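What the coordinates show
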Amino acid sequence: MIYREANTDDIKQIQVVRNAVKENVLSNPGLVTDRDCVEYLTLRGKGWVCEADGTIVGFAIADLIDNNIWALFIHPDYEAKGVGKKLHDLMLNWYFEQKKEHVWLSTSPNTRAEKFYRLQGWKETGLYGKGEIKFEMTKEEWSNAKAVDVTNRKQLLQTEQNINKAERNNEC
């Protein structure tokens, strides 16, 4: 899979992914227009895509004007494969290189997205819009979340190495 910055040529495929999701479905697909995507990609912030075999399977867009995550969506065929985590991390690293202000997002309750954001260290701050959960993240919280993630990966790697070593010792 290839991760790269999004551009306006990607909008058609971004819209396909946005309208393919099973959760956080738009009540009216016309609510998010191609013109909106152009504005968020070129004037308000920046986006990233993940491609598999030349097809966009996920995307993320950060908005520097309203200090929010405008979009993070993964095609259902590519869920639970690390695509969302990688796009999330690329986006937040860039956002906090640009801004010191906290960033916020909203998502429907009782969804995989809600669980995902909690696992990434987002803090629930209330409700937004039509009953969505509002989450926020500060630069410090993001730095801490990355440090915990690195520590967890190191611990998992060490555990795996210990298991492999024990298995090798038992084989002798």
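Summarised in this report is the structure supplied together with it. (Residues numbered from 1 in each chain as written. Predicted model: local features only at pLDDT ≥ 70, side-chain atom pairs only at ≥ 80, totals over all residues. Heavy atoms only, no water.)

1. Considerations on the packing of aromatic side chains
- Here the structure, examined in full by the defined rule, presents 8 aromatic pairs.
- Measuring from ring centre to ring centre gives 5.4 Å for F116 and Y117, while their planes differ by 75°; the resulting arrangement is edge-to-face.
- Seen in terms of ring centroids, Y117 and W122 are 5.9 Å apart; in terms of plane orientation they differ by 75°. Their pairing is edge-to-face.
- Relative accessible area serves as the criterion here: at 6%, Y117 is assigned to the buried category.
- Residue class for W122 comes out buried when judged on its relative accessible area of 3%.
- Among the aromatic residues, those joined into a cluster by ring pairs are F116, Y117, W122 and F135. (Phe/Tyr/Trp six-rings, centres within 6.5 Å; stacked < 30°, edge-to-face > 60°. Buried < 20%, exposed > 50% of the residue type's maximum accessible area, 1.4 Å probe, protein only.)

2. Considering the nonpolar core
- Core analysis: the biggest nonpolar cluster contains 26 residues, and I69, L87, L92, V103 and W122 have the highest contact counts within it.
- Elements represented by at least two residues in this core include exactly β2 (45–52), β3 (55–63), β4 (68–74), α3 (83–98), β5 (103–107), α4 (112–119), β7 (132–137) and α5 (139–171).
- A total of 7 residues in this core trace back to one element, the largest contributor, which is α3.
- Other than its neighbours up to four places away in sequence, W122 contacts I69, H88, L92, V103, W104, L105, Y117, F135, E136 and M137.
- Counting 15 residues, the second-largest nonpolar core is a separate cluster that includes I14, V21, C37 and L41. (Core = buried A, V, L, I, M, F, W, Y, C linked by side-chain atoms within 4.5 Å. Helix = DSSP H or I, 4+ residues; strand = E, 2+ residues; numbered from the N terminus. Contact = heavy atoms within 4.5 Å.)

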